[in-house]
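Topology and contacts: notes
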Amino acid sequence: MAVELYLLLLLFCGSTISEVQPIYKPPSGTLDFGFVPAKTYDTGAYHEPGPIGILFKIVHAFLYLVQPNTFPQDLIRKLAQQKFGNTQGDYQKAIYYEIGFIVSAALGLLFILLLPLVGLCFCMCRCCDNCGGEMHQRQKKNADCQRSCFATFLFVASLIISVGVLCAYAANQHLTNQVRGAKKLVNSNFKDLKIFLNDTPAQIDYLVSQYNTTKDKALSDLNNVGPLLGNRVQEQLGKEVRPALDAVLTMAGAIRETKEALENVSVSVEVLQEGTERLHANLTDAKMHLSNTLNDSACSAAQAASTCNIIRNSLNQLNINANFSGLPGVSSQLAKVNDVLKIDLSSLVQKGYAAFNDTPDLVVNQTRNILSDIKNVLESIGSNITTFTKTLPVQKVLADLTIYLTQSEAYVQDYFPVVEQYDFYRWLGCLILCCMVVLILVFYYLGLLCGTCGYDKHASPTTRGCVSNTGGNFLMAGVGFSFLFSWVLMIVVVLTFVTGGNVEKLVCEPFEDKTLFKVLDTPYLLNQQWKNYLSGILFKNPNINLTFEKVYSDCKENKGIYTSLHLEHLFNINEFLNISMYTEDVALKIEHIQINLSKIILLDEIGKENLLNFSSSGIEGINFAAYLTEINKSVTKVDLLSFANDLEARADQLPKGALENALKGHANNIRMIHNQQVIPLEQAMSTLNQSIRLLKRTSSELMVKVKNVISAVNAAQLLINNNASVVIVQETKKYMDTIVGYFEQYIEWVKESIAMEVAACKPIANVIDTAVDIFLCSYITDSVNTFWFGLGGSSIFLIPAIIFAVKLSKYYRRMDTEDVYDDTENGNNGYHKEHLYGIHNPVFTSSVEQW
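Calculation rules
Residues numbered from 1 in each chain as written. Predicted model: local features only at pLDDT ≥ 70, side-chain atom pairs only at ≥ 80, totals over all residues. Heavy atoms only, no water. Helix = DSSP H or I, 4+ residues; strand = E, 2+ residues; numbered from the N terminus. Core = buried A, V, L, I, M, F, W, Y, C linked by side-chain atoms within 4.5 Å. Buried < 20%, exposed > 50% of the residue type's maximum accessible area, 1.4 Å probe, protein only. Contact = heavy atoms within 4.5 Å. Disulfide = S-S within 2.5 Å. Axes fitted to C-alpha atoms, helices over the stretch in contact; angles between N-to-C directions. Parallel < 35°, antiparallel > 145°, perpendicular 65-115°, else oblique. Nonpolar A, V, L, I, M, F, W, Y, C, P; charged D, E, K, R; others polar. Phe/Tyr/Trp six-rings, centres within 6.5 Å; stacked < 30°, edge-to-face > 60°. Expected span 1.5 Å × (residues − 1). Arc of directions from axis to C-beta. pLDDT = per-residue confidence, 0-100. Salt bridge = Lys/Arg side-chain N within 4 Å of Asp/Glu carboxyl O. Polar contact = N/O pair within 3.5 Å; in protein donor to acceptor, adjacent residues only side chain to side chain.

On to unusual backbone geometry, then. Backbone geometry places Lys-514, a non-glycine residue, at a positive phi of 65 degrees. Tracing the backbone through its elements, the reader meets Lys-514 in the loop between helix 15 (466–512) and helix 16 (515–520). Of note, the phi angle at Asn-558 is positive, near 65 degrees, even though the residue is not glycine. Looking at the element boundaries, Asn-558 is found in the loop between helix 18 (548–556) and helix 19 (561–564).

Here it is as structure tokens:
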């Protein structure tokens, strides 16, 4: 049922995910389909044990010492295929792999067998007053040192046992706490599975609804076919059309500038001719008056004669330099240009621009019928998708799975109290085992406490106090309980060690490094007829390469179930939803678009004739050299301001009087002539200079320029009339690619969404991790292994504790007899008195009888 759900809920979407196809990159902008709605899964399939994790690591290290061999994949495969033992080396390999566990278990069995036997023999021996059972202690010189050593060793052994029992208790309590808290984790997994089932229909609906985004964008482009396709055609044709029209428009501007320049030349020449004649007359008058002044008798004086002669010699400089009277006129050229300007060439060019800019409107008008057909195709695609999705029994399958999941959750909830009850029994049993060790430790610690506190080194063995004697009795009680309980403890240790250790080595570690999945993916392992078991179960086709490891890894990465299970091998979705078939229809209809631009006239014959008339206006026949020759001259032979300043300076050299004043008056008159006549003439010359140079540039190869402009216009017109179809086909193909690209974007987005987001199977991986990694390995196996590790360590150290406790008890218990020494001349002879305190002692002093 689950498999059917996974197949059906993704049936409608795109083509197969596994096909290797390049992701289509549309020519225009990328569509924004948003994010597939998905809720966050609550389960975090990771367990952090906390402080007890240090003990887990220690146990793992110990298990590595016991079992350092790698995972026996070949043996597991043979065991699963029931071929184990067919070859002679199988058992040897198994023994070699398990040798650490076998040796450890054998030592444990020896412990179980020998310790009760040794305890029985020890008890019978002591009942016969042997093995330290006699209440007699031979005194030695190093008795205090031995007692201290035995007490220290026993205390250390007790501490180690205490640490071991604490580890065992912590592991026992940790397991119980985790079992009690497991209900929350189980509920979280069920919640995630419900989210997985409930969100899938919404995700499917979202994928379907996003077709409207594609359709709306395509319809928008179709409705804007003029700005899009028309502008593209216009842009391509404009690479030649616009430069040609711009050249004509530039030429129209040149015609206007030529007219203005000719007018400026005509006016400037007239101004200069009149101005130079007037200037010449004024300079002649100024020169005559100045000469008359210099002929005055005052210049005959010795002090003024030389100065007057210098001024008289410079009078020839007061004359005009440029002569504009001989320059030819430009009236004929101006008349021809005015005739050319009677036709508004700029207006003709603007009409050409307007006709060319109407290209988008022509495209809209000529594609109206085809675009209507394309819109109908798009609407049919959407209706087909909606119809198909309604035929899928997704809701029914999801409802059935939801019911099954609810029943499973109810079953788990019903049996969880039973699990907790049995776990309580387990916890109680483990607690009893720990209490056995604690009871032994209590006797040892009480014995050490009472014996140490009550020991009096001045008291003889027979006169020891009650506290010291009680301490010795506690120690012997601890020894007795050690013999009673140790073998029981070791039985539990061996059983849990063999079980927990092998589970850790054969399940948990291979699961962590995915070696276990590699074993499960072995061809013909679980079914001798199937190469791939998982694909055989799902698709009835064992030849499909579908592995447990790949499915688990994909789900771990939260990929979609469609990708993880390779459901494309079961359904060819293109048969149900083949959008490419519709895009082909759209492409064919777009290719049938025919656009005729022959009505566009860039420049009519009148405009071309106008250009030719301008080229024959005669401006190239102007004598530019004559103009430039006169323009480059100065207006006067001498700078009048400099002459006036020099005249005034020389007047200052004369004696004060009428001559000086007269010369200064002439200097001021010359300055006035410069300001009122020379400066305007210079400005007119500047205007004439600019206009003549502009006309010279314009007239340079004017005919060639005009012919080039007309040729460019003719070429652009030819392109529009004859070759525009090629450009239209190219741009129509690009426009078609844009429209079709939207659909291919949608298909690729659906594929990617199915692969990564729709029905993301993270909950499935979480369930596996929860069951194996958390429950089995982290909760149970680690806790059990830590329990036997602590309990086993405590049980082993009971052996030295028994020895030291028996030895130490002799120093704490009150003896019935003791050694008495006589003082002789050689010192103490060590012989024993037969009567001590009136009590007959039949025990001979013998080193053989002392322990």
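Back to the write-up after that little detour.
So, about the nonpolar core. Ranked by size, the top nonpolar core spans 79 residues in total, and within it Leu-611, Tyr-627, Leu-663 and Leu-688 carry the most contacts. Among the elements that line this core, the one with the most residues is helix 8 (residues 225–294), at 20 residues. In this structure, Tyr-627 is in contact with Val-265, Val-269, Leu-327, Pro-328, Gly-329, Val-330, Ile-622, Leu-688 and Ile-692, ignoring residues within four places of it in sequence. Of all hydrophobic cores here, the second largest spans 60 residues; its members include Val-377, Phe-511, Tyr-562 and Val-772.

Before going further, it helps to examine the state of the cysteines. Here the structure, examined in full by the defined rule, presents 2 disulfides. Two residues share a disulfide in this structure: Cys-508 and Cys-777, whose sulfurs sit 2.1 Å from each other. An S-S torsion of about -100 degrees defines the bridge between Cys-508 and Cys-777 as left-handed. Here Cys-508, found in helix 15, pairs with Cys-777, found in helix 26 (residues 762–796); they are 269 residues apart in sequence, far enough to count as distant. The buried category is assigned to Cys-508, whose relative accessible area is 6%.

Helix 26 packs onto helix 2 (residues 53–66) with a crossing angle of 75 degrees between their chain directions and a minimal axis gap of 9 Å. In terms of orientation, helix 2 and helix 26 fall into the roughly perpendicular class. Of helix 26, the residues touching helix 2 (which contributes Leu-55, Phe-56, Ile-58, Val-59, His-60, Phe-62 and Leu-63) are Ser-778, Asp-782, Ser-783, Asn-785, Thr-786, Trp-788 and Phe-789. When grouped by side-chain class, the residues that make up the contact of helix 2 with helix 26 number 8 nonpolar, 5 polar and 1 charged.

Here the focus is the environment of Lys-518. By the element assignment, Lys-518 lies in helix 16. Taking relative accessible area as the criterion, Lys-518 reaches 42% and is therefore assigned partly exposed. Taking the C-alpha atoms as reference, Lys-518 lies 7.8 Å from Phe-548; in sequence the two are 30 residues apart. Once residues within four sequence positions are removed from consideration, Lys-518 is found in contact with Arg-77 and Glu-549.

What follows is about the packing of aromatic side chains. Overall, the coordinates contain 23 aromatic pairs when judged by the stated rule. Ring geometry for Phe-155 against Tyr-445: centres 6.4 Å apart, planes inclined by 70 degrees, an arrangement best described as edge-to-face. With Phe-155 in helix 6 (residues 143–209) and Tyr-445 in helix 14 (residues 394–454), the pair connects residues that are 290 residues apart, well separated along the chain. For Phe-155, a relative accessible area of 39% corresponds to the partly exposed category. An aromatic cluster is defined as three or more aromatic residues linked by ring pairs; in this entry it consists of Phe-62, Phe-101, Phe-497, Trp-788 and Phe-789.

In this model, helix 23 (residues 640–652) (13 residues) spans 18 Å end to end at C-alpha, consistent with the 18 Å of a helix rising 1.5 Å per residue. Listed in full, the buried residues belonging to helix 23 are Leu-640, Phe-643, Ala-644, Leu-647 and Ala-651. For helix 23, the arc enclosing every buried residue in end-on projection is 100 degrees, short of the 170-degree limit, so these residues lie on one face.

As a further point, take the packing of helix 26 against helix 27 (residues 798–812). It is the contact of helix 26 with helix 27, at a shortest axis distance of 4 Å, that shows an interaxial angle of 30 degrees. Classified by the interaxial angle, the pair formed by helix 26 and helix 27 is roughly parallel. Residues Ser-794, Ser-795 and Ile-796 of helix 26 form the contact with helix 27, whose own contacting residues are Leu-798, Ile-799 and Pro-800. Tallied by class, residues from the contact of helix 26 with helix 27 come to 4 nonpolar, 2 polar and no charged.

The subject of this paragraph is the confidence of the model for the protein chain. Counting all residues, the mean pLDDT for the protein chain is 76, and 81% of those residues have values of 70 or more. For the protein chain, helix 1 (residues 2–8) is the element with the lowest average pLDDT, namely 34, and helix 2 is the one with the highest, namely 91. Note that pLDDT drops below 50 for residues 1–28; the model gives that stretch 80 contacts with residues more than four away or on any other chain. Across residues 822–851, confidence stays below pLDDT 50; counting only partners more than four residues off in sequence or on other chains, it has 42 contacts.

This part takes up the pattern of salt bridges. What the rule picks out here adds up to 8 salt bridges. With a shortest N-O distance of 3.5 Å, Glu-557 and Lys-559 are connected by a salt bridge. Among the charged side chains, a network of salt bridges with common partners joins Lys-550, Asp-554, Glu-557 and Lys-559.

In this section: the environment of Lys-734. Mapping Lys-734 onto the fold places it in helix 25 (residues 702–756). With 502 residues separating them along the chain, Lys-734 and Arg-232 place their C-alpha atoms 9.1 Å apart. Discounting residues that sit within four places of it in the chain, Lys-734 has contacts with Arg-232 and Gln-236.

What follows deals with the environment of Gly-472. Along the chain, the position of Gly-472 falls in helix 15. Sequence separation between Gly-472 and Cys-450 is 22 residues; the distance between their C-alpha atoms is 8.0 Å. If we ignore the near neighbours within four places in the chain, the residues touching Gly-472 are Ser-809, Tyr-812 and Arg-813.

With that settled, consider the side chain of Ser-486. Along the chain, the position of Ser-486 falls in helix 15. Looking at Ser-486, the relative accessible area reads 0%, which means it is buried. Among the polar contacts made by the side chain of Ser-486, one reaches the main-chain carbonyl oxygen of Ser-482 at a distance of 2.8 Å. Ignoring any residue separated from it by four or fewer positions in sequence, one finds Ser-486 in contact with Phe-111, Leu-115, Phe-481 and Leu-798.

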